[in-house]
Amino acid sequence: MNRIRLLPDHVANQIAAGEVVERPASVVKELVENALDAKATRITVEIQAGGRSLMRITDDGTGMSRDDALLSLERHATSKIQRAEDLGSIATMGFRGEALPSIASVSRFMLTTREREADSPEGTQILINGGKIAEVKAAGCATGTIVEVRQLFFNLPARRKFLRTEETESAHTQHYLTLAALAHPEVAFTFIKDGRVVHQLPAVKAGEVATGKLEALKERLRALLGGETRLLAVDAAGDLTVVNEASGESGGEASQSDAAISRSSMRVWGFIGAPGVARSTREDQHVFVNRRPVENRGLNHALTEGYHTSLMKGRYPLCCLFVEIDPALVDVNIHPAKREVKFHREFEVRRVVMNAVRQTLLAFHAQSATTAPRIASTAPPKPATVPRATEPALPRFELNRSLVNAPVPQQMEQGPPEMGFKREATPSQPGSQQDKPVEGSRPPSVAASTQQSTRDAQAAAGPVSAPVPLLQIPLRLVGVVGKLYVVLESDRGLVLLDQHAAHERILFEQMLERVEQGGQAPSQRLLLPETLELSIRDATFLRQQMEILTRLGVSLSEFGDRTFLLDALPPFVKVNDARKFALELVDELKAAGEDVNSARLGEHVVAKTVCRHAVKANDPLAGKELEKLVENLRGCAMPYTCPHGRPTLIEMGWRELERKFGRTQ
């Protein structure tokens, strides 16, 4: 007997099912993707017992004829690709041609379909048990396709026993449907679980305009995730380098010419969490590449880099981002279930995503400085009194130390407004007892300027109204508690400011501005220089960053092919082992990603500097100093977090205060 032999078709299908069908959610994913590729506008998913006993997917897509329905149950039968070259530019959700035969081989399967253009009202129904066709007959049905999958893994007990509880399997199915609904707001989705409607999402007209797509996505996010999460709109574009391999094969030095290199556009749009909105896991990070939900470490890293110094350690941003890229520059065929993708120019894709997130955050923060009024005085002024235009800088906040005497960075132009869903915290209906203002709490001039700034912000926001950033509204100084927390009042409620964190942010941005402008930080010579011997990769990386490190006060010089001489450090660095400090700095710069974020280089050193120079918890500050502190914070590009990601300001609205005191339910 020959040792090598062909496997029967049903065994081959079951092996393929082991790769494609992991759990009921995998079946729903494959069938919903087929419905989307069939241009369906309404998709209904019904499951029972977590998908073990029944999964029924109904769509109103193009449907299939009798011959196509029978052929779709054969292995590697698909309408998505025709030639091997098509694999290099895949624009559909499914293309392998393994989903239907694999699912049918491990379940009791029924397919009912009718072509959209068919003249006859008669459709086709196919019954399959464990991969064997039991019956093919004519059936009356609406245009589209209905797929019923019953008793999943009934013929594979070993696979069936590894399924989780009904609630767990239902949660996996619901999670995928959430992703599919976010990726396709123009499609109506209905999810029925054990006879009960869980989601019934109407279709949202998106259109081709960017603002229309954002509006449609916003409505779908509101329906799925609720309306309390504050989000910022992202819409940015970038270019990727494309090397023409055909011209490169033509031979010789001509392959390296400029004619062999072209540019391809890429767009990033969607929503990200506003400052202060973060989670302890990455579960709320939804990233789509050409409408396909994907898992990619590079994109997750780029998202974190965009939020750098705006998140605490161990916290992760939430997002719903769409990356639109040339299908030829992304490989979606590296994973059997198509969960992971690989980019041809991953480094450039990461940079575009990181810059899109970073610029969105900077544009939001810039609103705080463009039209922000000055802080109100502690004592309520007279109605006709206007705050002074200028005040002399107090000694503590002159910031004339040798390392941090750079001017405040120039602000960006006002960018896209916050497009969150959280209602503004406003008092209850006028006239109620709890809504009577405290005597002298807000002068008329401050209230008038607040209303005007709010109207200006809403006018700039366009058709979508958004809450005004905290530092864009007037703040009245009340006092200091615990020699650390500054108590402020706004027309929206109570505001607490951490004076140490706020001063850290001010010094941090001023010192970074000095470094980026080419300023030279002081350095102190070591008594005995240290030698650093690195690997070839680390040596190449460090050689590229030596100029920036020198501006930070870390003096390094080449001492061989892979050896460097360390002879100076910044004076504030107090370490026993200078060599270990330099090696750790190199590791941190490598972790940031080479050239992903040039501002990231040296930020570790800068953060340590400002932490030592900033005011401390027990440093008493006078009223004028506190007012100057708030004004300097308004001038920062990222004023709501310190360099370590901790918040500088916390706001409690009137409604929250009234609820805590039991004045409202």
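About the thresholds
- Residues numbered from 1 in each chain as written.
- Predicted model: local features only at pLDDT ≥ 70, side-chain atom pairs only at ≥ 80, totals over all residues.
- Heavy atoms only, no water.
- Helix = DSSP H or I, 4+ residues; strand = E, 2+ residues; numbered from the N terminus.
- Buried < 20%, exposed > 50% of the residue type's maximum accessible area, 1.4 Å probe, protein only.
- Contact = heavy atoms within 4.5 Å.
- Areas by Shrake-Rupley, 256 points an atom, 1.4 Å probe, with all protein chains shown as cover.
- Core = buried A, V, L, I, M, F, W, Y, C linked by side-chain atoms within 4.5 Å.
- 1 Å grid on protein atoms, 1.4 Å probe; cavity = no way out; pocket = protein on both sides within 12 Å on 5 of 7 lines; lining within 4 Å.
- Points joined across faces, edges and corners; volume = space filled by probe spheres on them.
- Expected span 1.5 Å × (residues − 1).
- Arc of directions from axis to C-beta.
- Pairing = 2+ DSSP bridges.
- Axes fitted to C-alpha atoms, helices over the stretch in contact; angles between N-to-C directions.
- Parallel < 35°, antiparallel > 145°, perpendicular 65-115°, else oblique.
- Left-handed = near helix turned anticlockwise from the far one by under 90°.
- Nonpolar A, V, L, I, M, F, W, Y, C, P; charged D, E, K, R; others polar.
- Phe/Tyr/Trp six-rings, centres within 6.5 Å; stacked < 30°, edge-to-face > 60°.
- Polar contact = N/O pair within 3.5 Å; in protein donor to acceptor, adjacent residues only side chain to side chain.
- Salt bridge = Lys/Arg side-chain N within 4 Å of Asp/Glu carboxyl O.

## Observations regarding the overall build of the protein chain
Next up, step 1: Along its length, the protein chain carries 17 helices and 24 strands.
Next up, step 2: Looking at the protein chain as a whole, 50% of its 665 residues are labelled buried.
Next up, step 3: Intrachain contacts of the protein chain at a sequence separation of at least 6 include 74% that bridge at least 24 residues.
Next up, step 4: Counting every atom, the protein chain has about 32,800 Å² of accessible surface; 51% of that belongs to carbon and sulfur.

## Points about the nonpolar core
Next up, step 1: Membership of the largest hydrophobic core comes to 116 residues, with the highest contact counts inside it found for Val-32, Ile-43, Phe-109 and Ile-272.
Next up, step 2: Ranked by the residues each element gives to this core, the list is headed by helix 10 (residues 346–370), at nine residues.
Next up, step 3: Those residues in contact with Ile-272 that lie beyond four places of it in its chain are Arg-230, Leu-231, Leu-232, Val-234, Leu-303, Tyr-307, Leu-318, Cys-319, Leu-321, Val-357, Thr-360 and Leu-361.

## Considering empty space enclosed by the protein
Next up, step 1: Enumeration over the complete set of coordinates arrives at five cavities of 30 Å³ or more.
Next up, step 2: Taken as a whole, the largest cavity encloses approximately 70 Å³ of empty space.
Next up, step 3: The wall of the largest cavity is formed by Ile-43, Val-45, Leu-177, Thr-178, Ala-181, Phe-189, Thr-190, Phe-191, His-199, Leu-201 and Leu-224.

## Focus on helix 1 (residues 9–20)
Next up, step 1: For helix 1, which comprises 12 residues, the first-to-last C-alpha distance of 16 Å matches the rise-based estimate of 16 Å (1.5 Å per residue) to within 8%.
Next up, step 2: Ala-12, Asn-13, Ala-16, Ala-17 and Val-20 are the residues of helix 1 that are buried. Looking down the long axis of helix 1, one finds its buried residues gathered within 145 degrees of arc, a one-sided arrangement.
Next up, step 3: Lining the buried residues of helix 1 we find helix 2 (24–37), helix 4 (99–105) and helix 5 (157–160).

## What to know about the pairing of strand 2 (residues 54–59)
Moving residue by residue along a regular strand, the side chains alternate between the two faces of the sheet.
Next up, step 1: Among the six residues in strand 2, five count as buried, and that is most of the element.
Next up, step 2: Examined bridge by bridge, strand 1 (residues 42–48) and strand 2 share six bridges and lie antiparallel to one another. Bridging across to strand 2, Val-45 finds its partner in Ile-57.
Next up, step 3: Counting the residues between successive antiparallel strands, the hairpin from strand 1 to strand 2 contains five residues, one of them, Ala-49, with a positive phi of roughly 55 degrees.
Next up, step 4: Note: strand 2 against strand 6 (residues 144–150), six bridges, orientation antiparallel. By the bridge assignment for strand 6, Arg-56 is matched with Glu-148.

## Brief notes about the packing of helix 2 against helix 6 (residues 166–183)
Next up, step 1: Relative to each other, helix 2 and helix 6 sit at 25 degrees, their axes nearing to 8 Å. Here helix 2 lies roughly parallel to helix 6, going by the angle between them. As for the relative orientation of helix 2 and helix 6, their crossing is right-handed in sense. Facing helix 2, whose interface residues are Pro-24, Ala-25, Val-28, Lys-29, Val-32 and Glu-33, helix 6 presents Glu-169, His-172, Thr-173, Tyr-176, Leu-177 and Ala-180.
Next up, step 2: Taken together, the residues of the contact of helix 2 with helix 6 break down into seven nonpolar, two polar and three charged.

## Description of the sheet that holds strand 8 (residues 196–201)
Next up, step 1: Strand order across the open sheet formed by eight strands is 5-4-3-6-2-1-7-8, with mixed pairing between neighbours. Of all the strands in the sheet, just strand 5 (132–140) and strand 8 have a single pairing partner and so form its edges. Each strand axis lies, on average, 10 degrees off the axis of its neighbour in the sheet, ignoring direction.
Next up, step 2: Where strand 1 and strand 7 (residues 188–193) come together, six bridges link them in parallel fashion. Across the sheet, residue Val-45 finds its bridge partner in strand 7, namely Phe-191.
Next up, step 3: Taken strand by strand, helix 6 contacts strand 1, strand 7 and strand 8, and its axis lies near 175 degrees from that of strand 7.

## Let's talk about the packing of aromatic side chains
Next up, step 1: Evaluated as defined, the whole model comprises three aromatic pairs.
Next up, step 2: Aromatic side chains Phe-288 and Phe-322 sit 4.6 Å apart centroid to centroid with 10 degrees between the ring planes, which places their arrangement in the stacked category. Separated by 34 residues along the polypeptide, Phe-288 in strand 12 (residues 285–289) and Phe-322 in strand 15 (residues 319–324) bring together distant segments of the chain.
Next up, step 3: Taking relative accessible area as the criterion, Phe-322 reaches 2% and is therefore assigned buried.

## Details of the side chain of Ser-555
Next up, step 1: Locating Ser-555 in the fold gives a position in strand 22 (residues 555–558).
Next up, step 2: Of the polar contacts made by the side chain of Ser-555, one reaches the side chain of Asp-567; its length is 2.7 Å.
Next up, step 3: Discounting chain neighbours no more than four positions away, the residues touching Ser-555 are Arg-525, Leu-565, Leu-566, Asp-567 and Ala-568.

## Section: the sheet that holds strand 20 (residues 493–498)
Next up, step 1: Strand order across the open sheet formed by four strands is 18-19-20-24, with antiparallel pairing between neighbours. Pairing within the sheet leaves two strands with one partner each, and these edge strands are strand 18 (476–481) and strand 24 (649–653). Taken pair by pair, the neighbouring strands of this sheet meet at an average axis angle of 25 degrees, ignoring direction.
Next up, step 2: Its contacts with the sheet put helix 16 (residues 623–634) on strand 18, strand 19 (485–490), strand 20 and strand 24, and the angle it makes with strand 18 is roughly 110 degrees.

## Considering unusual backbone geometry
Generally, phi is negative for residues other than glycine and the peptide bonds are trans, each holding for most cases.
Next up, step 1: With a phi close to 60 degrees, Lys-39 is a non-glycine residue in the positive phi region.
Next up, step 2: Tracing the backbone shows Lys-39 in the loop between helix 2 and strand 1.
Next up, step 3: In this structure, Gln-151 takes a positive phi of about 50 degrees despite not being glycine.
Next up, step 4: Its location among the elements puts Gln-151 in the loop between strand 6 and helix 5.
Next up, step 5: Assessed through its relative accessible area of 36%, Gln-151 is described here as partly exposed.

## Notes on the pattern of salt bridges
Next up, step 1: In the structure shown here, the tally under the stated rule is 23 salt bridges.
Next up, step 2: The partner of Glu-148 in a salt bridge is Arg-56, with the nearest N and O atoms 2.8 Å apart. Within this pair, whereas Glu-148 is found in strand 6, its partner Arg-56 is found in strand 2, the two being separated by 92 residues in sequence. As far as burial versus exposure is concerned, Glu-148 and Arg-56 are alike and both buried.
Next up, step 3: For Lys-193, the salt bridge is made with Glu-167, and the minimal N-O distance between the two is 3.1 Å. Taken together, the residues Lys-193 in strand 7 and Glu-167 in helix 6 connect sequence positions 26 residues apart.
Next up, step 4: The class for Glu-167 is exposed, based on a relative accessible area of 54%.
Next up, step 5: A network of salt bridges, in which partner residues are shared, links Glu-46, Arg-56, Glu-148 and Arg-150.

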